[in-house]
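Letter by letter, the chains look like this.
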Amino acid sequence: MTVTGPQGFRAAGVAAGIKASGALDLTLVVNDGPLDVAAGVFTRNVIKAAPVLWSQEVLKQQRLKAVVLNSGGANAATGPGGFQDTHATAEKVAEVLEAGAIEVAVCSTGLIGERLPMDAVLSGVDAAVKALDASPEASLNAAKGVMTTDTKPKQAFAKHDSGWSVGGFAKGAGMLAPNLATMLSVLTTDAVVDKETLDRALRAATHVTFDRLDVDGGTSTNDTVLVLASGASGVEPTEAELTELLTAVSHDLVLQLRADSEGATKDVDVTVRGAATEADAIAVARTIAEDNLVKTALFGSDPNWGRIAMALGRVPARIDPDAVSIAINGVTLFAQGVPAADRSEAGLTGRAIEIVVDLGVGASTATIYTTDLSHGYVEENSAYSS
């Protein structure tokens, strides 16, 4: 069990008819308490989907009874009508759960710019409520109900020795460059925690996990990570313990998201060390991860460190060309301003690739999780709306 692994949660995923394919397309996660504490992080994209605007508003009180999510339509760039659709969805969930709409977060994913078929959404809520369960099957269906171009559901779970746990699911295969959030993810915990501690723990966890995933540089209009705490375990962890387990589950989900991202044939870790600040380390690693020349070289299993040098050299960070070193899969290919080994010594035939750049000007480190750029990615995204 994942999202329903922690005590106090039920979930469901149903085929509401939003997708023409008949696949599961509506998910509901319910917190049965006794606590209803929640926190969330959202996209920094200026063009925010209606569900993001709604959920940001309801999260101001940091309490949630439920989260309803749909795939098959992003409900983004849909104007006041789209926001009304989100409100109506929350109202429907609140009605059937005998809660308030302000206790219901809403998430959507899919094609931008089209209104949702609200008859299907609202009837799907009724079906989801009837299907609510705490079983492994319910968890799996909930994870499936948010899939778009994903080929498999992404779930994770971890339990602390003292008896409390964290579970969750995530979706995303393209437009993956979260900026303080992810595509869509719901995390649950049965820990006893106050809202301020939960918020800090979530932000600390996403800062080094979801916010470090960068497949294509596209920050979605709908990125959302929510965490709900039921307190059903009766155990109150320290903030450090909560942050650690949230980070572990989030990291697991991030690696699953990367592995299933559109067209990916390589799983690439770009680590920058020796930076003057963490911000510099993140900026350099992200620029390398997003660079199309670097990504296409990786697709061709070509250890072309010159492209990496080019990419890092255009970042407005503190960089001393004579202090930089570049290593690929454990082989240092460039150091002190000159080649350090023949590039053929760095084998890239496997799926896992590690790029390590040492700027040599400080003590800060950051890792960005990315992929290559393949024919499959181009083909899938060129035909997405059709």
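Residues numbered from 1 in each chain as written. Predicted model: local features only at pLDDT ≥ 70, side-chain atom pairs only at ≥ 80, totals over all residues. Heavy atoms only, no water.

The condition is simple: UniProt positions are given in the numbering used here, feature names are shortened, and annotations may be inferred rather than shown by experiment.
Looking at an unreviewed UniProt entry, one finds the chain named Arginine biosynthesis bifunctional protein ArgJ and attributed to Amycolatopsis bullii. According to its UniProt record, the chain has this under Subunit (unreviewed entry): "Heterotetramer of two alpha and two beta chains." Entered under Function (unreviewed entry) in the UniProt record, the comment concerning the chain runs "Catalyzes two activities which are involved in the cyclic version of arginine biosynthesis: the synthesis of N-acetylglutamate from glutamate and acetyl-CoA as the acetyl donor, and of ornithine by transacetylation between N(2)-acetylornithine and glutamate."

## Concerning the layout of surface pockets
Operational definition: Cavities and pockets were defined on a 1 Å grid built over protein atoms only: a cavity is a set of grid points that admits a 1.4 Å probe from which the probe cannot escape, a pocket is an open set flanked by protein on both sides within 12 Å along at least five of seven lines, and lining residues are those with an atom within 4 Å of any such point. Grid points are joined across faces, edges and corners, and a volume is the space filled by probe spheres set on the points. Side-chain classes are defined by residue name, with Ala, Val, Leu, Ile, Met, Phe, Trp, Tyr, Cys and Pro counting as nonpolar, Asp, Glu, Lys and Arg as charged, and the others, Gly among them, as polar.
If you add up the space inside the second largest pocket, you get close to 240 Å³. Its residues assigned to classes, the lining of the second largest pocket comprises five nonpolar, five polar and three charged.

## With respect to the sheet that holds strand S12 (residues 331-335)
To be explicit about the condition: DSSP bridges decide pairing: two strands pair if at least two such bridges lie between them. For helices the rule is a DSSP run of H or I covering at least 4 residues; for strands it is a run of E covering at least 2, with both sets numbered from the N terminus onward. Working rule for contacts: check all heavy atoms of both residues, and any pair within 4.5 Å makes them a contact. Axis geometry follows a simple rule: fit a line to the C-alpha atoms, using only the stretch in contact for helices, then measure angles between N-to-C directions, giving values from 0 to 180 degrees.
On the basis of which strands lie adjacent, the open sheet formed by six strands has the order S13-S12-S11-S14-S10-S15 and mixed pairing. The two strands at the open ends of the sheet, each matched to only one other strand, are strand S13 (338-339) and strand S15 (364-371). Of the pairings in the sheet, the one linking strand S10 (residues 267-275) to S15 comprises seven bridges and is antiparallel in character. When the bridges of S15 are listed, Ala-275 appears paired with Ser-364. Strand contacts of helix H9 (residues 305-313): strand S11 (325-328), S12, S13 and strand S14 (352-358), with the helix running at about 135 degrees to S11, the strand carrying the most contacts.

## Some details on the packing of helix H2 (residues 79-97) against helix H3 (residues 118-131)
Each pair of packed helices gets described by two things: the angle between the helix axes and the distance between those axes. What counts, and what does not: Any angle from 65 to 115 degrees is called roughly perpendicular, while one under 35 is roughly parallel, one over 145 is roughly antiparallel, and all others are oblique. Helix crossings get a hand from a simple test, with the near helix turned counterclockwise from the far one by less than a right angle marking a left-handed crossing and a clockwise turn marking a right-handed one.
The contact between H2 and H3 brings their axes to 10 Å, and the two run at 25 degrees. Relative to H3, the element H2 lies roughly parallel. Crossing geometry of H2 relative to H3 is assigned as right-handed. Residue-level inspection shows Asp-85, Ala-88, Thr-89, Lys-92, Val-93, Val-96 and Leu-97 of H2 in contact with H3, the latter providing Met-118, Val-121, Leu-122, Val-125, Asp-126 and Val-129.

## Focus on the sheet that holds strand S3 (residues 37-42)
Reading across the sheet, the five strands line up as S3-S9-S8-S7-S6 and stay open at both edges, with mixed pairing between neighbours. The open sheet is flanked by S3 and strand S6 (154-159), the only strands paired with a single partner. Direction aside, neighbouring strands of the sheet carry axes that sit 10 degrees apart on average. Alignment of strand S7 (residues 165-171) against strand S8 (residues 184-189), held across six bridges, turns out to be antiparallel. Note on S8: the bridge partner recorded for Phe-169 is Val-186. Sheet contacts for helix H4 (residues 136-144): S6 and S7; angle to S6, the most-contacted strand, approximately 135 degrees. This element, helix H5 (residues 195-207), spans S3, S8 and strand S9 (224-229) of the sheet and lies at about 35 degrees to S3.

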